[in-house]
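The chain contents come next:
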Amino acid sequence: MRNNRILYFLLCISIIALGILSRKTEIIPLVVGDILYSIMIYFLTRFLFLKTKLQKTAFISLLVCYSIETLQLYQADWINEIRHTVLGRLVLGQGFLWSDLLAYTFGITIAFLGDMYLIQKNKS
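First things first, this report covers the structure right here in the doc. Bear in mind that the values here come from a model prediction, so they are computed numbers and not experimental data.

### Some details on the packing of aromatic side chains
Right, so step 1: Overall, the coordinates contain 6 aromatic pairs when judged by the stated rule.
Right, so step 2: For the pair Y37 and Y104, a centre-to-centre distance of 5.9 Å together with 45° between the ring planes defines the contact as tilted. Of the two residues, Y37 is situated in helix α2 (residues 30-48) and Y104 in helix α6 (residues 98-123); the sequence distance between them amounts to 67 residues.
Right, so step 3: One aromatic cluster is present, built from ring pairs that chain together Y8, Y42 and F43.
Right, so step 4: The positively charged end of R5 is found above the aromatic ring belonging to F47, 5.6 Å away from the centroid.

### Thoughts on a nonpolar patch on the surface
Right, so step 1: Judged by side-chain polarity, I6, F9, L10, I13, I16, I20, V86, L87, L90 and V91 come together as a nonpolar surface patch covering roughly 880 Å² of accessible area.
Right, so step 2: Of the residues forming the nonpolar patch, the biggest block, 6 residues, is contributed by helix α1 (residues 2-24).
Right, so step 3: Relative to the helices and strands, I6 resides in helix α1.
Right, so step 4: Here I6 falls in the partly exposed class, since its relative accessible area comes to 39%.

### Concerning the pattern of salt bridges
Right, so step 1: A full pass over the atoms with the stated rule returns 2 salt bridges.
Right, so step 2: For the salt bridge of D34 with R23, the shortest nitrogen-to-oxygen distance reads 3.2 Å. Residue D34 is found in helix α2, and its partner R23 is found in helix α1; the two are separated by 11 residues along the sequence.
Right, so step 3: Overall, the relative accessible area of 39% leaves R23 in the partly exposed class.
Right, so step 4: In this structure, D115 engages R46 in a salt bridge whose closest nitrogen and oxygen atoms are separated by 3.0 Å. Of this pair, D115 sits in helix α6 while R46 sits in helix α2, and the two are 69 residues apart along the sequence. Here D115 matches R46 in class, with each residue buried.

Conventions we followed
- Residues numbered from 1 in each chain as written.
- Predicted model: local features only at pLDDT ≥ 70, side-chain atom pairs only at ≥ 80, totals over all residues.
- Heavy atoms only, no water.
- Phe/Tyr/Trp six-rings, centres within 6.5 Å; stacked < 30°, edge-to-face > 60°.
- Helix = DSSP H or I, 4+ residues; strand = E, 2+ residues; numbered from the N terminus.
- Lys NZ or Arg CZ within 6 Å of the ring centre and 35° of its normal.
- Patch = residues over 30% accessible without salt bridge, like charges linked within 9 Å, V, L, I, M, F, W, Y side chains within 5 Å.
- Areas by Shrake-Rupley, 256 points an atom, 1.4 Å probe, with all protein chains shown as cover.
- Salt bridge = Lys/Arg side-chain N within 4 Å of Asp/Glu carboxyl O.
- Buried < 20%, exposed > 50% of the residue type's maximum accessible area, 1.4 Å probe, protein only.

Structure below.
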């Protein structure tokens, strides 16, 4: 079980690095960063709640991503100040986009299927 936690942590770190790189390269479409963001949220959720069923992990991850995206509709001064920092922009985003919800759904589906067929199958 400890090895799985380490694996999920390393996956999170790797995906964060890929996500940052995707924002620095103009060749990669912005949607790739959104997909990677949701994959990172999924693996972070797995890291935190290792014993939770995969379906519940996917649901929680989707809920987190959708909540953060919906929060972007809220434009109070105090939260916009946070969004003007690098970390705030990376975590909270800039503005609401319907396409981001689709990207998050796609990313979590990829993470869920990868977890189910690659990580969980190798445990058996």
